[in-house]
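Here are the chains, one letter per residue:
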Amino acid sequence: MTHQSHHMIKEIREEPQAAAYVLKDEHVKELAEALSSSDRVFFFGCGSSYNMALYGARVAEVLEVGVEAYALPSSEFTYFLGKLRRGDLAVAISRSGETSETLKAAMGALKAGAKLFSITNEPASPLARASHAYVLMGGGREESVVMTKTFVAGSLSILRALKMCAGGDVGRELPSRLWELIETHEPLLKDFSREFAEARLAVNLGHSYTHPMALEASIKVMEAALIPAITYHMMEFRHGPKALVEPGVYVLALLVEDPHYELHRDLLEEVSSLGAKVVLITNGEGLGDVVVKIGVKDPLEAAVLTITPVHLLAYYSALRKGLDPDRPRHLSKVVKVRGLN
Ligand code: F1P
């Protein structure tokens, strides 16, 4: 396959279209209603879908929408099923709608009397069929094993539903901001991938609602570009893992403006003085070896957009290493675990 015909880059460039789909998706209102009428919500999924779950639970807390929100990997959620109460809302997240652990947890939640809502890209999947209602991740099929546009669409659907619960909505200009972000930074990130591809270690840092995006950044660089990666909360990084910093370490900082912004920038200066290269992805100001500016003020929206530059960096780094970014080794689009179904 040539560069241009890789599904992954095509799908990254379709992220603005996926965001536009979310903005007009009527089903998101159903998710908002389900959230508003529940006391507790459990978001769950595997891999990238679990990272969307983490983002959702954090946003629910930040927006104080009156629902107790939790996020668990699907396999861990099964340990919790005995504690579910009638009236609880289970939100299963799965692009394929077929992942064994997620299906198992979803069926268990139904059996326990919870309402089941799913966020998926496959309306005919067993998960969608078992659910009381579902939201599609939008933007059409995703062929690459590596989730990109579905991750953005799924995260934005959750954000939009939660904002609706709080009486608001996401900004109408989001798709065009995303388009500008890709247009402006793709050449820079393509160029930078030349050295990033050789990274000994990627340290992905986030805070609050960007931490799930930093976890997702680690999945992306590991699966697409085979770069070892770890994820930390910004301020936690000094508490041990800082010992790993040396030349050859690349810190990807996913930062949105909040009251701790200065403290976070101080940490980046510190790791830089210890020899790490810093990629700063932010809607604020700051310094780094590479700085990617996100043109969205709203911190919860900007948080979702911090993952797009990582998608581009992971894609081009995979190409530099001669890897097929659409089919990472040992991985498949759907994980089926024998003995679970
Ligand atoms: C979950 C998942 C994906 C990952 C890979 C393997 O799938 O972990 O996040 O990209 O394709 O499966 P799903 O439940 O969202 O279909």
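Refer to the structure above for everything that follows.
So, how was this worked out
- Residues numbered from 1 in each chain as written.
- Predicted model: local features only at pLDDT ≥ 70, side-chain atom pairs only at ≥ 80, totals over all residues.
- Heavy atoms only, no water.
- Near = heavy atom within 4 Å.
- Polar contact = N/O pair within 3.5 Å; in protein donor to acceptor, adjacent residues only side chain to side chain.
- Areas by Shrake-Rupley, 256 points an atom, 1.4 Å probe, with all protein chains shown as cover.
- Nonpolar A, V, L, I, M, F, W, Y, C, P; charged D, E, K, R; others polar.
- Core = buried A, V, L, I, M, F, W, Y, C linked by side-chain atoms within 4.5 Å.
- Buried < 20%, exposed > 50% of the residue type's maximum accessible area, 1.4 Å probe, protein only.
- Helix = DSSP H or I, 4+ residues; strand = E, 2+ residues; numbered from the N terminus.
- Pairing = 2+ DSSP bridges.
- Axes fitted to C-alpha atoms, helices over the stretch in contact; angles between N-to-C directions.
- Contact = heavy atoms within 4.5 Å.

A. Structural view of the site of the ligand. Taken together, 13 residues surround the ligand, and among them Ser49, Ser94, Arg95, Ser96 and Thr99 come closest. Here Ser49 contributes a side-chain N or O atom positioned 2.7 Å from an oxygen atom of the ligand. Within the backbone of Ser332, an N or O atom sits 3.4 Å from an oxygen atom of the ligand. Out of a free accessible area of 390 Å², the ligand has 93% covered by protein chains. Its residues assigned to classes, the shell around the ligand shows 4 nonpolar, 7 polar and 2 charged.

B. Spatial organisation of the nonpolar core. If you look at the biggest cluster of nonpolar residues, it comprises 86 residues, and the most contacted ones within it are Phe43, Tyr55, Val91, Ile93 and Phe196. Considering every element that reaches this core, the biggest residue donor is helix α8 (residues 149-165), with 9 residues. Ranked by size, the runner-up nonpolar core spans 17 residues in total, among them Met234, Tyr261, Val271 and Val278.

C. A look at the sheet that holds strand β1 (residues 40-45). The sheet built from 5 strands is open, its strands ordered β2-β1-β3-β4-β5 with parallel pairing. Pairing within the sheet leaves two strands with one partner each, and these edge strands are β2 (68-73) and β5 (133-136). Neighbouring strand axes in the sheet, compared pairwise and without regard to direction, differ in orientation by 20 degrees on average. Summarising the sheet, β1 and strand β3 (residues 89-94) pair through 4 bridges and their orientation is parallel. Its bridge partner being in β3, Phe43 is matched across the sheet by Val91. Sheet strands in contact with helix α3 (residues 27-36) are β1, β3, β4 (115-120) and β5, and its direction is about 145 degrees off that of β4. Strand contacts of helix α4 (residues 48-63): β1, β2 and β3, with the helix running at about 165 degrees to β2, the strand carrying the most contacts.

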